[in-house]
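Now for the letters of each chain:
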Amino acid sequence: MNARPPLTDLQQGQLRQAVKLLTAGELVAFPTETVYGLGADATNAQAVRKIFLAKGRPSNNPLIVHIGSIAHARRYAAHWPDAAQQLAERFWPGPLTLVLGKNPVIVDEATAGGTTVGLRCPDHPLTLKLLEMFDRPLAGPSANRSNHISPTTAEHVRSDLAESVRLVLDGGPCTVGIESTVLSLAGLVPKILRPGEISQARLQECIGAAVEYSPLIVAATENQPLEGPGMLPKHYAPTTPAYRFSFPEDTPLLVRWLKRSGPQHAAMLASFSCPAEIRTLLGDHHQWHTMSADAKEYARALYDMLRKMDQLALAAIWIEWPRVAGWEAIGDRLLRATRPPRQAFDDGGGASGD
Ligand code: TXA
Ligand code: MG
């Protein structure tokens, strides 16, 4: 970690309040470098149940447990293989979650009844201090309503969960912007359950062994812990119907939809600037957003942009779906947030809600 400014008196006061609330079994939202988390004491079943209630999250989806150091992580894992040590030394604090056999002190509610736990040491000074002061494992999924877009500012958290969370620690906008890479070390071969900023190649290079990653989406079986978030075909979605398109092959479809439904009813999000053909069509109703062509910058801005577009009450959001090397994690999130472009026509111009 780089040297950071010392915490202000206000932040220190908020941290003391956060520890008090967590110790009393209440929820506290906290910043991380990826997205904001909704925290509860992972050793307190009743507290953890409040997370599921607040989010409207199915109880078969396990939570990530945050810890402040490698030494703490080892307390909560039933085993600590060499690969875990190598990865934690290299990438923690950082956007990597390691799934390992769990210690029974982590309540079953946190792991959806499963025998493994996802451990992550987040790279944010406020939360690292909180974890040090609290000195217990902090269960924390993303602090959004279930299936909505993950929050990357304290304001996003308040707009989703104002009633159910007692305190939102404001640590500013998240610097990574998409959720951590989830890597299972619980099986014979290390396996990516959710892609993130830390890529398959970097993980393999770190441990000197193959890491599996299959971007396939498989429907979840009811009443069983999900193997990972990648099992859900729909996730992280805006409320406005969103459609993915590839450039340039799907451009004619987008043009057709804009002509049919009216350009004022859509927003477009792409990493290339608006082609002349579409610019003419759009006229004054300009909702074409050119995003960064740099994957890191794009990821940092994505969820805030989706939330902003969602507030415009449009009939559709059209999002370019980049499928190039280095964009796997973003492609994964966009795949979950959108439907195929042809669907826009079956959906009656995209006017229906979701
Ligand atoms: O970046 C992040 O990971 C953020 C911040 C707050 O740390 N957290 C986050 O949590 O995205 P959540 O719950 O929204 O997504 C975690 C995913 C879950 O969908 C779950 O399926 C998977 O990680 N997961 C957690 N524990 C697991 C376990 N024991 N086995 C398999 N998958 C697990
Ligand atoms: Mg989430």
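Residues numbered from 1 in each chain as written. Chains lettered and ligands numbered in written order. Predicted model: local features only at pLDDT ≥ 70, side-chain atom pairs only at ≥ 80, totals over all residues. Heavy atoms only, no water.

Even after reading the chapter, I still don't get the site of ligand 1, so can you show me in this structure?
Inspection of the region around ligand 1 gives 26 residues, with Thr34, Asn61, His66, Ser180 and Arg194 positioned closest. In the environment of ligand 1, an oxygen atom lies 2.6 Å from a nitrogen or oxygen atom belonging to the side chain of Thr34. At 2.6 Å, a side-chain N or O of Ser180 approaches an oxygen atom of ligand 1. Across the complex, the protein chains shield 98% of the 670 Å² of accessible surface that ligand 1 would expose by itself. Elements supplying a minimum of two residues to the shell around ligand 1: β3 (64–66), β5 (116–120) and β9 (191–194). Among the elements that make up the shell around ligand 1, the one with the highest residue count is β5 (four residues). The class makeup of the residues in the shell around ligand 1 is 11 nonpolar, 10 polar and five charged. (Near = heavy atom within 4 Å. Polar contact = N/O pair within 3.5 Å; in protein donor to acceptor, adjacent residues only side chain to side chain. Areas by Shrake-Rupley, 256 points an atom, 1.4 Å probe, with all protein chains shown as cover. Helix = DSSP H or I, 4+ residues; strand = E, 2+ residues; numbered from the N terminus. Nonpolar A, V, L, I, M, F, W, Y, C, P; charged D, E, K, R; others polar.)

Which parts of the structure should I look at to understand the packing of helix α4 (residues 82–91) against helix α7 (residues 200–207)?
To describe two helices that pack against each other, one gives the angle between their axes and the distance between the axes. Running from N to C, α4 and α7 cross one another at 120 degrees; their axes reach a closest spacing of 9 Å. As summarised for this structure, α4 and α7 are arranged oblique, according to the angle between their axes. Classified by chirality, the crossing of α7 by α4 is right-handed. Contacts between α4 and α7 involve Ala83, Gln86, Leu87, Arg90 and Phe91 from the first element and Arg202, Leu203, Glu205, Cys206 and Ile207 from the second. Looking at the contact of α4 with α7, its residues break down into six nonpolar, one polar and three charged. (Axes fitted to C-alpha atoms, helices over the stretch in contact; angles between N-to-C directions. Parallel < 35°, antiparallel > 145°, perpendicular 65-115°, else oblique. Left-handed = near helix turned anticlockwise from the far one by under 90°. Contact = heavy atoms within 4.5 Å.)

Help me understand the side chain of Thr111 in this model?
Residue placement: Thr111 occurs in the loop between β4 (96–101) and β5. The exposure class assigned to Thr111 is buried, which follows from its relative accessible area of 2%. When neighbours within four sequence positions are excluded, Thr111 is seen to be in contact with Pro62, Lys102, Ile106, Thr116 and Val117. (Buried < 20%, exposed > 50% of the residue type's maximum accessible area, 1.4 Å probe, protein only.)

I would appreciate a short explanation of unusual backbone geometry in the present structure.
Glycine aside, negative phi is the norm for most residues, and most peptide bonds take the trans geometry. Note the cis peptide between Trp92 and Pro93, where omega equals -10 degrees. Of note, the bond from Phe247 into Pro248 is cis; its omega dihedral lies within 30 degrees of zero at 5 degrees. A positive phi is found at Asp135, a non-glycine position, where the angle reads about 55 degrees. Residue position: Asp135 is located in the loop between α5 (125–134) and β6 (138–139).

By themselves, these observations are geometric and do not establish any function.
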